[in-house]
Amino acid sequence: MTTMYATIGPATRAPETMTALVRLGVTGFRFSASKFGVAELAAQAADAEAAGRAAGRSVELLLDLPGAKIRFTNADSIDLGATPRFRVSYALKPTGEDDGLPDVGLSDPGLGDVISPGDVLLIGDGEIAARVISASGTHCVAEALEGGLLGPRKGVWVTGRSRRLPASSPDEDLALLDGLTSSAFTGAIVSFAENAAVLEPVRARWGGRSANSVMAKVETRAGVAAVAEVAGAADSVLVGRGDLLMDSGVLDFHALCSAAVRECRRLSVPVVVGTQLLSGMQSSWLPLRSELSYLCGLLESGVDGLLLTTETTFGRDPLGAAGLMADLIARYAEPGLVRA
Ligand SMILES: Nc1ncnc2c1ncn2[C@@H]1O[C@H](COP(=O)(O)OP(=O)(O)O)[C@@H](O)[C@H]1O
Ligand SMILES: C=C(OP(=O)(O)O)C(=O)O
């Protein structure tokens, strides 16, 4: 059976929406730990478990750990259409200088060392870009290239520079697992998995929760290069195409995605592919032709699962996106199809 995961966000937080998603064929939910506090995450998992019960199914509830990613620290959204310039303070908390600009902090102040005027900051999965206008030892001022809404705690990459600082210890991820031990989550997703060792402390804590307790998110060049080792230590692998594009560049992206899926299938480790599979449906009732073809090709090649991300967090029609994905699974991943 091909699995289908939906990421929970403002568009799908209501318990009755979760139940409707399960009825449509969603087999698991993904919760972005970088976006919410422990109490809200536990509440989301409890609601999702109840939603599964209401639909008569047990659903996977996967906590997506933040991992070693550098993020802005703003708790509220900033409208970069109204004020395209903003200050990035190289501290956890913004410095609050009084120049009238919105101010965001950095979860890892060390990123400031590599930022220079003229650099382009890619934010989130690259949907917002901002050029650095000026930089000092304590902060820089950046200007959004095309406006947009800077949501809370978005990841930030400096184009052409290191994608992130050397992998920080997973201590914060592990503390989160410990804080949620008694929650309804059935497993965890380890972000930026690039070796087997990073999965071990997660398995030691949550390994017994379900058959898919430890999912490894492969989303960097190094992760794809080590995918055999990573897959060998995980219950399943998620190919995170959002961050992968940030790290791979556009030319190598497809080759890396394909290599990761192929290797997992060769090793018989379940592989799930995610991000922008039906992104056209976030703002339109039709998906893009290109994503439709890619998605059906993935199903024909025998991928084990698919992950909806912003289609179900912010999409205008999350149920429509999940329903279409379920129909495509039924149409293109049926047993009996000749698999590559
Ligand atoms: N407010 C939110 N609530 C729930 N999920 C969110 C929210 N914002 C983003 N997400 C989800 O979290 C994931 C990461 O989103 P994004 O913020 O764009 O990138 P990152 O956190 O990797 O910088 C995406 O799958 C997105 O759908
Ligand atoms: C699923 C992904 O992770 P995140 O949403 O944290 O960017 C991805 O990068 O595709």
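Here the residue index of a chain counts from 1 through its sequence in written order. For naming, the first written chain is A and the first written ligand is 1, with later ones following in the order written. Owing to the predicted nature of the model, reporting of local features is limited to residues with pLDDT of at least 70; listing and counting of side-chain atom pairs is limited to 80 or more, with chain, interface and lining totals taken over all residues. The side-chain numbers reported here are obtained from all heavy atoms of the structure, hydrogens and water having been left aside.

- Under the annotation held in an unreviewed UniProt entry, the protein carries the name Pyruvate kinase and is attributed to Lentzea fradiae.
- Taken verbatim from the UniProt record of the protein, the Cofactor (unreviewed entry) comment is "K(+)".
- UniProt positions are given in the numbering used here, feature names are shortened, and annotations may be inferred rather than shown by experiment. The heading Catalytic activity (unreviewed entry) in the UniProt record of the protein holds the text "pyruvate + ATP = phosphoenolpyruvate + ADP + H(+)".

## With respect to the site of ligand 1
Logical step 1: For this description, a residue counts as near a given molecule or strand if any of its non-hydrogen atoms is within 4 Å of it. If you check the shell around ligand 1, you find 18 residues, and the closest are Lys35, Lys69, Arg71, Lys154 and Gly155.
Logical step 2: Here a polar contact is recorded for every N or O atom pair within 3.5 Å, except that within protein the pair must consist of a potential hydrogen donor and a potential acceptor, and residues adjacent in sequence are included only if both atoms are side-chain atoms. Measuring from an oxygen atom of ligand 1, one finds a side-chain N or O atom of lysine 35 at 2.6 Å.
Logical step 3: Take arginine 71: an N or O atom from its side chain is 2.6 Å from an oxygen atom of ligand 1.
Logical step 4: Burial of ligand 1 by the protein chains amounts to 92% of its free accessible area of 540 Å².
Logical step 5: Where helices and strands are cited, they refer to DSSP runs of H or I of at least four residues and of E of at least two residues respectively, numbered from the N terminus. At the level of elements, strand S2 (28-32) and helix H10 (310-313) are the ones that each hand at least two residues to the shell around ligand 1. Per-residue accessibility takes into account occlusion by the displayed protein chains alone, with areas from the Shrake-Rupley method and a 1.4 Å probe.

## Considerations on the sheet that holds strand S14 (residues 236-240)
Logical step 1: Strand order in this closed barrel of eight strands is S1-S2-S3-S12-S13-S14-S15-S16, and the pairing throughout is parallel. Put simply, the sheet's adjacent strands are angled 25° from each other on average, direction ignored.
Logical step 2: Here a strand pair is declared whenever DSSP counts at least two bridges between the two strands. In this sheet, strand S16 (residues 305-308) lies alongside strand S1 (residues 3-7) in parallel orientation, the contact comprising four bridges. Looking across to S16, one finds that threonine 3 is bridged to glycine 305. Only the contacting stretch of a helix is used when fitting its axis, a line to C-alpha atoms as for every element, and angles between N-to-C directions run 0 to 180 degrees.

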